[in-house]
Amino acid sequence: MRERTIFALVVVSLLLIAIGYFVATRLDLSWLMPVQASSRAVIVDQLFRFMLGIATVIFLIVEGALIYAVIRFRRKAGDENDAAPVHGNNALEFVWTLIPAVIVAVISIYSYQVLTQIESPVKDRLVVEMVARQFVWEFHYPEADVSSHELHLPIDRTVIFQITSEDVVHSFWVPEFRVKKDATPGQVSELVVTPTRLGRYSVLCAELCGPFHAGMIADVVVESESEFERWLAEQAGDDEIMQVQEQPDEQTSVETEAVEESQVLAEGRALYLQFGCGACHVLADAGGIGIVGPTLDGIAEIAASRRLGVEANVYLQESILAPDAYVVEGYSAGLMPGDYGDRMSEDEVEALVEYLMNQ
Ligand code: CUA
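None of the values given here were measured: they were computed from a predicted structure.

> Quick one: what's the story with a negative patch on the surface, residue by residue and with numbers?
Where like charges cluster on the molecular surface, the negative patch consists of Glu267, Glu346, Asp347 and Glu350. Sorting elements by how many residues they give to the negative patch places helix H9 (residues 346–357) first, with three residues. Looking at the element boundaries, Glu267 is found in helix H5 (residues 253–274). With a relative accessible area of 30%, Glu267 lands in the partly exposed category.

> Explain the nonpolar core to me, and be specific about the residues and the numbers.
Of all hydrophobic cores here, the largest spans 37 residues; its most connected members are Trp137, Tyr141, Leu151, Phe161, Phe172 and Phe177. For this core, the element with the most residues is strand S1 (residues 126–133), which contributes four residues. Beyond its immediate stretch of four places on either side in the chain, Phe172 contacts Met130, Trp137, Leu151, Phe161, Ile163, Val179, Lys180, Lys181, Leu191, Val203 and Leu204. Of all hydrophobic cores here, the second largest spans 22 residues; its members include Phe275, Leu296, Leu316 and Met344.

> Break down the sheet that holds strand S6 (residues 170–174) for me, with residues and values.
Backbone hydrogen bonds hold the strands of a sheet together, and the pairing may be parallel or antiparallel. Here we have five strands laid out as an open sheet, ordered S4-S10-S9-S6-S7, and mixed in their pairing. Pairing within the sheet leaves two strands with one partner each, and these edge strands are strand S4 (151–154) and strand S7 (179–183). For this sheet the average axis-to-axis angle between neighbouring strands, irrespective of direction, equals 25°. For S6 and strand S9 (residues 199–205), the ladder comprises two bridges, and the chain directions are antiparallel. Residue pairing across strands places Phe172 opposite Cys205, the latter belonging to S9.

> Outline the sheet that holds strand S2 (residues 136–141), listing residues and values.
Reading across from one edge, S3-S2-S1-S5-S8 is the order of the five strands in this open sheet, with mixed pairing throughout. The sheet terminates laterally at strand S3 (146–148) and strand S8 (189–193), the two strands that pair on one side only. Strand-to-strand twist of the sheet, defined as the mean angle between neighbouring strand axes without regard to direction, takes the value 25°. Bridge count between S1 and S2: five bridges; the pairing is antiparallel. Residue pairing in the sheet places Glu129 in a bridge with His140 of S2.

> A description of a nonpolar patch on the surface should follow, citing residues and the corresponding values.
The grouping of Phe94, Val95, Leu98, Ile99, Val102 and Val106 at the surface amounts to a nonpolar patch, some 530 Å² of accessible area in total. Here Ile99 shows up in helix H3 (residues 90–118). Judged by relative accessible area, which is 47%, Ile99 ranks as partly exposed.

Cut-off values and rules
- Residues numbered from 1 in each chain as written.
- Predicted model: local features only at pLDDT ≥ 70, side-chain atom pairs only at ≥ 80, totals over all residues.
- Heavy atoms only, no water.
- Patch = residues over 30% accessible without salt bridge, like charges linked within 9 Å, V, L, I, M, F, W, Y side chains within 5 Å.
- Areas by Shrake-Rupley, 256 points an atom, 1.4 Å probe, with all protein chains shown as cover.
- Salt bridge = Lys/Arg side-chain N within 4 Å of Asp/Glu carboxyl O.
- Lys, Arg positive; Asp, Glu negative; His and termini not counted.
- Charge placed at Lys NZ, Arg CZ, Asp CG, Glu CD.
- Helix = DSSP H or I, 4+ residues; strand = E, 2+ residues; numbered from the N terminus.
- Buried < 20%, exposed > 50% of the residue type's maximum accessible area, 1.4 Å probe, protein only.
- Core = buried A, V, L, I, M, F, W, Y, C linked by side-chain atoms within 4.5 Å.
- Contact = heavy atoms within 4.5 Å.
- Pairing = 2+ DSSP bridges.
- Axes fitted to C-alpha atoms, helices over the stretch in contact; angles between N-to-C directions.

Take a look at the structure:
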């Protein structure tokens, strides 16, 4: 009988090891995981599979023992006795403390190795500064002095992100890159990634940061080095074109006024995009999709009649600088950040109001 028990335990142990090994190395997990789009994704996934293999074995032991006990020791018909009392078992306690301790130690060492590998210093890194705000990401390429709401990255080049937040804690997350890092106000966190797969992915926010947290999404475009350079030059070029337009010569005052007006509107629209207003408001002209705040389509007309005796532009300015001074019925106070007056100059607020007055 005892020999049979030992034999059964050996067979079960070998079977469990085989299953754990299969899960850790062979099992097709492509249905479960996003594609691997960075060099670190491969080693992070290996670590994940390793832990999944161990977890599978533990799950089978625990559930198997439970099912075995339920069947083997179930109450027989007519048996009214209590079970025999058990007063501890030192050998058992020792074993079930030692085994988890060993597993945790092995996973810690392995994880540490993975961490040093993915954070190993690489020369020639592309620096991208990133600012998170409710509810928008802004990326800045300091070498080219280009800012964007879309993250463009050249393939196979190591990027170092310098991440911070201007309001609450957000978390930078690109599942395909297997990266996640908190964006903390007053602090710059660094994150190193090497994209290895062309394509379009999404930056998501992985920290509950307010009512539109789930909509805090930006596009990531991984492209060839030459496409990236072209994009960067285009972005830098846009700024230059705007600067050239700022110095018109030999124009009549009417033309100058018209040019100035269109510049103000363009600036207002750029500010609307820069500050991510579309995360909370609908506006056809700038592509806003948010429903947290009132729609801004046709806002000029709406603003003119919303509050008796308050002119439209005054109303809009107040709505930007002191959003809780008047809250439109059906919407909540305390959602729109109240610090736009600190983050925008007076001219910028004016441009934004002017832009909205034309919607
Ligand atoms: Cu930002 Cu959630």
